[in-house]
Structure formats: C-alpha cells, structure tokens
Amino acid sequence: MAIKQKFTFFDIINIFFLCLFGVVTILPFMHVIAKAFSGEGPVIAGLVNFLPKQFQVDTVLYVLQRSEFLGAFRISAIVTVIGSALAMFLTVTAAYPLSKPNLIGRKFFLYIFVFIMLFNAGMVPNYLLFNSLDLLNTIWALVLSGTFSVFNMFIVKNYFESLPESVEESARIDGASGIKTLLYVVLPMSKPVLATITLFYGVGYWNNYMSGVLYITKASLKPLQQYLFDLTNEALNIMDSTGNIKNIDSAMNLTGESVRSATIVVSTVPILILYPFLQKYFVKGITIGSVKG
Amino acid sequence: MKKLLSIILAAILIFTMAACTPSEEEPSDKTAEPTVKPVETTEPVEEDPILTGEKPELNILTWYTPYNMEEQPPYNVVEEITGYKINWFNLPLENSDDKLMLEVSGGSSYDLLMRINSQPANQLQVQNALMDIKLMLEKYGNNILSAVSDMALDSVTTEDGMIYGIPHEAFSGTGYGVMRGGIGFNTKYLDDLGMELPTNLDDFYTVLKAYTNKTDKPALTTVATGWVSYIMAGFGMGDAGWYEVDGEYLPRIKHPAMVDYLAFMQKLYKENLLDNDMPINTGATAIEKLTNGTVLAYPIMFWDIDSIYQAFDAVGMDAKIEVATHLAKDAETDPVIYVAQGVSYLTLVPKTAKNPEHAVNWFNTISDNDNFKEIYIGEEGVAHEVKDGAYYPLFPTFNDYNHADMYVGVNDAENAFQMWQARARKTDAMAEMYEQMNARADEYKVISYYEPYAASLEAVRNNQSALNTMVNDKLIQAIASGEDAQTVVDDIIEEWENTGGLDYETAMKEWYAANKDLFD
C-alpha cells in the first residue's frame, strides 16, 4: 500500500520561507541584470526595477570589448584554472598519506597542519615573502597565495578515511603501489569530494580580491574581482573628507551605472555556468567528507 | 611509479622557478626615434649622460586609474616626447596609502612615486624613505622650478632645506571658469511657478516654499551631507575648511555664521522643503528624485548634465536645467565663492629608485610648456582649437585625451586651468552648462583659500579627516532632528576640541600666521 503523503503545516511554512529566501536572493541579481540591459537614462531616473527599460545590448557588448575587462577576466580565468589544478594536486597528495593510520609521524604532521590552519603569518610577512621571491606583479603571486587550504585538505582526508579499506587492500594484493592505488582506486571513488573541493578552490580563486590588492600594481595583471571593486567604487577616489571634489578629471570620467551593472553580470557568468554541473556532487561531498565511517 | 612521482615533482619545481622570474615588460612597438624636445639646462657646458646618454626604462608608481595607463593614447605621446619608456604601476583604489607604505618599505624599485596625496607623502618623508631632490631639480628641473610657486616649494622643503617632492598645484582658476557646480533647477517647474532662478538666500527660500506649497513634495534634495556649499555661501562660507574672521583664523564649525546656517537648513528640513530622506540619500537616489520629477532642485556639477538630460528623456520630462550658483546673502550683497588653491598631489623620488636623475629629467621634460599642452590636450588644430583665447575640443581626436591628466607634469596653474577648460566643453550640453554657471562670474567675489598647502602638517594629517567626518555626521543628524542650532554647534565644538581639534587648530593657526603674507 502506498504511503499517503501529507502536507503538514510545517511543510507549508517551510516552502513559504524557502521561496521567500529564494526571491530575496534572486531579486537583487535581477535588478542588476535589468540595469545592464537598460538605457542609461531610465537607470539614472530610477525607472528600472526587475525588467529592462529601453532594452539594449550595446552596454554588454561594450563591456565585452573593453580591454581592461577582458584582461582582468583572462587573468582570473588563468589563475582559477592553474590555481585549482595545483591546489587539488597538493591537497590530494597531502590528504592521502595523512588518511593512513600507519603513516610514520602522522600525528606530528597533523599537528603542524592544524597549527597553520589556526595561525598564519598575516598579510605583511606574506607580502615580504612574495617580494623576496620576486613574485610580486607575476601571475604566480595570485596562484600561489591560495594554493593550499588545510581545511579543504581535512575534508578530503576524512573522505579518504571513510572509503572501505578492503578495496585498497584488494588493489595492493593485485600488486598496485601506493600511487597507483590512489590514482586508479581511491580517486575514482572520491569524485564527489574532489568535485566539491575543486569548486571551493575554483570559486575561491575566482572571487579572490585581496591577492590582487596586495601583490599586483601592474594594471595588465589585475584580477577580475579587483577590477569589479574598483569599477563599482570609483567615486571613493574623488571626494575628500568634507565632500569636496578633489579630482575633477576623474569625477568627469566616472563609469555609468549600466556599464557597471553589465560588467557585474558578465563576470558572474562563468561561476553561474559551473555551479549546476558540479552541484550534484556538491551536497554529497560535503556531508560524506565530514563524517567518518 | 617512483619515476612518475619524480617527474611530477620536477614539473612543480620548474613551474615554481618560472614563477620566481619577474615578468618582463614587453618591448614597445615604437621604433621611431624619439623626438626629444630640447630641455634647457642651467649648465649645458659638459655633456651630461643623463641628458644625452642612453635612456633607461623607468618604473613609475602612481595613483589608482580605472584603465591600463599603458593602453591609453597619451602613453605613446609621452614616450615620443621624452624618449623614455615608462612602466606604469598603479596603487589599488582601496587602502592605497597602506599599500604605498608596503611597496616602499618592501624595497620595490620605483623611480618615481607620481601623484601621491600630501599625507602619505609626508609620512614617507618622516620615515626617511625619500630622496632629497634639491640638487637634481637645480640640474635637471628648470621647467619644474619655473612652474611651481614659491609657496608650493616651501611646503615640500624641510627645515634643513631638503626638498622631498615635486608639488602638483591645484588649478582652480580665480575668475571666469571657477564655477563648476550649483543648485540645478528644473526649468519646467520654475516656469509653472512663474518664478525666476534664485540668486540669493531669500529668493531661494521663496521659490522652494512655493513649489512645496503647490505640490506638497520636497523642493530640494541633496546627498546625505551637512555641508551644502552653495547655500553656505549665503552665510559667508563655502568649500574652505578655515576662515579668517576678525583677524582670527577659525575652523568652519567655529565660524560665527555656523549657527545661522544650521538653523536655515533645519528650517528647510522641518518645512519639508528639503527632502526628508536627505540623511540616507546617495548620489543615485538623489539624482533620481530630480530626474523623475519629484523635486524642483538638486545640487549638480556641470558634467552631470548629459546624464540628467538622458534621464529627462527617459521619463518624458520636457525640461532643461538652470543652475543657481553659490547664493548671495540677499539682493544687496555680492555673492562669494571660495576656491581652493594648494598642493593636490606630490611626485616623489624614493630612496630605492634606480634612476633618480633620469626620473627627474623625464618629469622635467613633460613639464615643459609645449610638452604639457601636447600631452594634456593634444595638437592644436587636430585635438583642440583656440577661439578668443579659450580652448575648445576637436572631436574625435580629443577623446584620446580623456585620461591625459595622469600623464602630465606640472605647469603654471593658470595655464593649466585654461587648457582644462577644453574638457569642460566636451559635449554641447556640458559646454552650455559650464558657460551658464560662469555667466555671472564677474559678480562674484572670488576668495582663494590656501589650506591644502598645510595638508602635510602632522596635526592636520592626524586629525583633519576624522574631525571632518564627525562634524558632517553631527550636522546631518541635527538638520533632521531640529535640535536647537546653538546647542548643537556648541556640542560639536566641545567634541571637536576633545578629539584632536585643539591640536589641529594650533597647527593651522601657526601655519596661517607664518604663511599669510604669501597669500594673494
């Protein structure tokens, strides 16, 4: 006999609030999209809410042709791809041995990892380190500043620990070495956690703003998030503390609101495209990784 | 398998080593011989390798720009004129002062720090991070020295005679052209009211009152601010932060007319003539209210006009904007405008510079009168034209010079101001608005104020910004609350004095007494 599904009051409340949260999240984004596709006039007059007025695509096309935007986009894309790949390599190669109880000095290494997760040198020493390594104003400053997250490594380690030991044992009986076991047995079984952590790293790199501020003074190496921040906060630069305009030429060249909106919209597209493909792994990876057994 | 591991590790090592190599600048595609304009030197007797020898690439760190300076047309113009290839570096928009300190203390090898604010510049000087450029200026800086005023040079000279920077003086003008903003009125609504554009406080109040009585809507909106200089002008104040009143040099909050100004603003707010959302208004929300036809008036700058007209078109508003510039006290009193003179930015040579003499020589070349003009507004007849002694843009070439202000050196402030006016005439609407704002410039008493020259004093650096923010916040609050104006001003003064205001005042008074004679 089929179990009859009952809608409880709790379900109704649940659905109501979930929809509400969904709407609250999506409306600001719709507002920005509407402004990106509206003429400048309606935007200034405050006529644009959630649907474009004087619909046009010129602004988006203009943004897509701006060399500053394209350059920043390219830098962020390169950094995200190289950084995520490098980060995943380091994370997996650190997590796998640490997931083995018989690793010599395991406790010591774990202790060190926990220590650096809780304490780090801070921005200035990191800057000085990158400076002394001649990494400032190179793409590697952006890549290496976020290459390893101990937190992510622990998620992967926990996931590895949750895999049945017998599978690895069978591989070993068949003569597989440690690395072969990792490559051909453990990693294929760990797709959910790998997808999740890749997404973490990818989004982290894509959204990284501070590394650009700290390590980059060359305009051609500016990452996208710094470019976006600068674009949306240009006016910061032109007023002094009494509100007098101190830089008239900059004030006269401020970017229009619809160009700013179009830039924001275009720059969120890659992550919007990536999320649905990785989402199916996402929830599973997080929950499984956190529970051992 | 060990082999595989070794290969992977080796690959990582190679990647890392590659990463450790700093990125090389791509060579310029310019192959033509640079056309160096002759730089007159004081002693051209012996051949100087700085002037005639090979020109190294210079690394220059400057202020934030929203564009890549190496991709803008003036970049090539500067290279052609000077023969130097410049690698431009930019500070970030946010926390730029901290970043500058980090860059300099980290030993980054910039040859020039260009267009740095007075406060961080002075901090670098105190930290002994800057070169004394006195001798270099004497040798290679004749254009710079002739462009910079004595007062500006004094402001960057330490007690022991060290010159630690090249001052960029503000070019604000002193006559026609000083008006860049005012309270913009919707002409359609003015016509509906059958009233003229106000020029003094009494008329201003009458017009606002008439509009609000008729429509029940606020007549005036502004961004959240306690200082509306166009209205303050009616009380003998303006953009200046300091005033000489009866022989005493006073901060604006201690100006005798401060209480009256506050009471006037409170009255506008209470009677709903001033938008009651003012304390939370941003620039975008305030201009919305003007363009969608809610309010009659809103303070604008002349370069806002094109976007305002675009928005008027979008809402179908058949109107223009007329601007009431700084208001007079009443019909019998001449209007007053305070205009800032002083040092806007400094260009510095850090001690870590590899080519300090070349950097000064380069800066001197771009400060030459003809070179300055060519970099700033392009060639006459191609990018700009001169009509009746005034500069006008020629399109489309003039568009190439939109961001040229970041590439120029220093020049006589009045000259630079005249050239700048070509920018003010970039569109027909802008030109018309600028002309309209300045149509009554002759009637104005233009008072120059020089406090920006004092920006590098320690007490000013430490207190000015926080005190200004405090006073502004309290004024906004008081305008909305309607609390007794005298009590509010007394309270603000008390807090001012308890939070560094006294140190600030002492320093400013000493500076004023010492420099007063130099002012025009």
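Please read these numbers as outputs of a predicted model, since none were measured by experiment. In this numbering scheme, every chain counts its residues from 1 along its sequence in written order. Just so you know, chain letters begin at A and ligand numbers begin at 1, following the order they were written in. Given that the model is predicted, a residue must reach a pLDDT of at least 70 before its local features are reported, and side-chain atom pairs must reach 80 or more before they are shown or counted; all residues, however, enter totals for whole chains, interfaces and linings.

Caption draft 1: Layout of the overall build of chain B. Within chain B, the secondary structure is distributed over 20 helices and 14 strands. This radius of gyration counts C-alpha atoms alone. The globule rule is 2.2 Å times how many residues there are, raised to the power 0.38. Taking 520 residues into account, the globule formula puts the C-alpha radius of gyration at 24 Å, and chain B, at 26 Å, falls close to it. Counting only C-alpha atoms and orienting by the principal axes, one finds that chain B spans roughly 80 × 70 × 50 Å. Here the C-beta atoms are placed from the backbone, and a residue counts as buried if at least 20 other C-beta atoms lie within 10 Å of its own, exposed if 12 or fewer do, and partly exposed otherwise. Counting all 520 residues of chain B, 46% fall into the buried class. It is the C-beta atoms, placed from the backbone, that decide contacts: two residues are in contact if theirs lie within 7 Å. Contacts spanning at least 24 positions in sequence make up 80% of the contacts within chain B whose residues lie at least 6 apart. Elements are defined by DSSP. Helices are runs of H or I of four residues or more, strands are runs of E of two residues or more, and each kind is numbered from the N terminus.

Caption draft 2: Region of the structure containing the sheet that holds strand E8 (residues 297-301) of chain B. Residues and elements named next belong to chain B. Spatially, E8-E5-E9 is the arrangement adopted by the 3 strands of the open sheet, whose pairing is antiparallel. One side of each edge strand has no neighbouring strand; the edge strands of this open sheet are E8 and strand E9 (321-324). Going from strand to strand, the sheet's axes swing by 45° on average, the running direction of each strand aside. Strands were regarded as paired on the criterion that DSSP finds at least two bridges between them. The sheet contact formed by strand E5 (residues 181-186) and E9 spans 4 bridges and is antiparallel. What sits directly across from phenylalanine 185, in E9, is glutamate 322. To obtain each axis, a line is fitted to C-alpha atoms, and for helices this fit is confined to the stretch in contact; angles are then taken between N-to-C directions over 0 to 180 degrees.

Caption draft 3: Looking closely at the pairing of strand E3 (residues 112-117) of chain B. Residue and element names in this part refer to chain B. Judged by how many residues are buried, E3 sits mostly within the fold: 6 of 6 residues are covered. Inspection of the sheet shows strand E1 (residues 58-62) paired to E3 by 3 bridges, in the parallel sense. Paired with leucine 61 across the strands is leucine 113, a residue of E3. Relative to strand E11 (residues 343-348), E3 runs antiparallel, the two being bridged by 3 bridges. Bridging across to E11, leucine 113 finds its partner in leucine 348.

Caption draft 4: Structural detail: the domain arrangement of chain B. All names here are of chain B. Entries for chain B in the domain assignment read domain 1 (41-170 + 343-377) and domain 2 (181-339 + 426-518). Annotation comment: domain bounds sourced from an automatic or database domain assignment. The straight-line distance from the C-alpha centre of domain 1 to that of domain 2 is 36 Å. Taken together, the 9 residues of domain 1 in the interface contact 7 residues of domain 2. Put simply, the parts of the chain that give the side of domain 1 that touches domain 2 at least two residues each are helix H5 (118-126), helix H8 (150-155) and E11. Top contributing element to the side of domain 1 that touches domain 2 by residue count: H5, with 4 residues.

Caption draft 5: Looking closely at the sheet that holds E11(B). All names here are of chain B. The strand order across the open sheet formed by 5 strands is E2-E1-E3-E11-E4, and the pairing between neighbours is mixed. Two strands bound the open sheet, and with one partner strand each, they are strand E2 (86-90) and strand E4 (166-169). Adjacent strand axes in the sheet meet at a mean angle of 20°, parallel and antiparallel pairs treated alike. Here 5 bridges tie E1 to E2, and the two strands are oriented parallel to one another. Each residue of the ladder has a partner; that of leucine 58, found in E2, is isoleucine 86. Contacts from helix H15 (residues 356-366) reach E1, E3, E4 and E11 within the one sheet, and its direction differs from that of E1 by about 70°.

Caption draft 6: Focus on the interface of chain B and chain A. Listed as interface residues are 52 residues of chain B and, on the opposing side, 51 residues of chain A. For the side of chain B that touches chain A, the secondary structure elements donating two or more residues are helix H1 (2-20), E2, helix H4 (96-105), helix H13 (283-291), helix H14 (305-315) and helix H19 (458-481) of chain B. No other element matches the 6 residues that H14(B) contributes to the side of chain B that touches chain A. Here the nonpolar group is Ala, Val, Leu, Ile, Met, Phe, Trp, Tyr, Cys and Pro; Asp, Glu, Lys and Arg are the charged ones; every other residue, Gly included, is treated as polar. Considered class by class, the residues forming the side of chain B that touches chain A number 24 nonpolar, 19 polar and 9 charged.

Caption draft 7: Structural view of the packing of helix H3 (residues 73-82) of chain B against H15(B). All names here are of chain B. Contact geometry for H3 and H15: axes closest at 10 Å, N-to-C directions at 105°. The angle between the axes of H3 and H15 places the two elements in the roughly perpendicular class. Facing H3, whose interface residues are Val78, Ile81 and Thr82, H15 presents Trp362, Thr365 and Ile366. Residues that form the contact of H3 with H15 fall into these classes: 4 nonpolar, 2 polar and no charged. When an angle is under 35 degrees it counts as roughly parallel; over 145 it counts as roughly antiparallel; between 65 and 115 it counts as roughly perpendicular; any other value is oblique.

Caption draft 8: Region of the structure containing the domain arrangement of chain A. Residues and elements named next belong to chain A. Split by domain assignment, chain A resolves into domain 1 (8-56) and domain 2 (62-290). Centre-to-centre separation of domain 1 and domain 2, based on C-alpha positions: 29 Å. Taken together, the contact pairs 8 residues of domain 1 with 7 residues of domain 2. Per-class residue counts for the side of domain 1 that touches domain 2 are 5 nonpolar, 1 polar and 2 charged.

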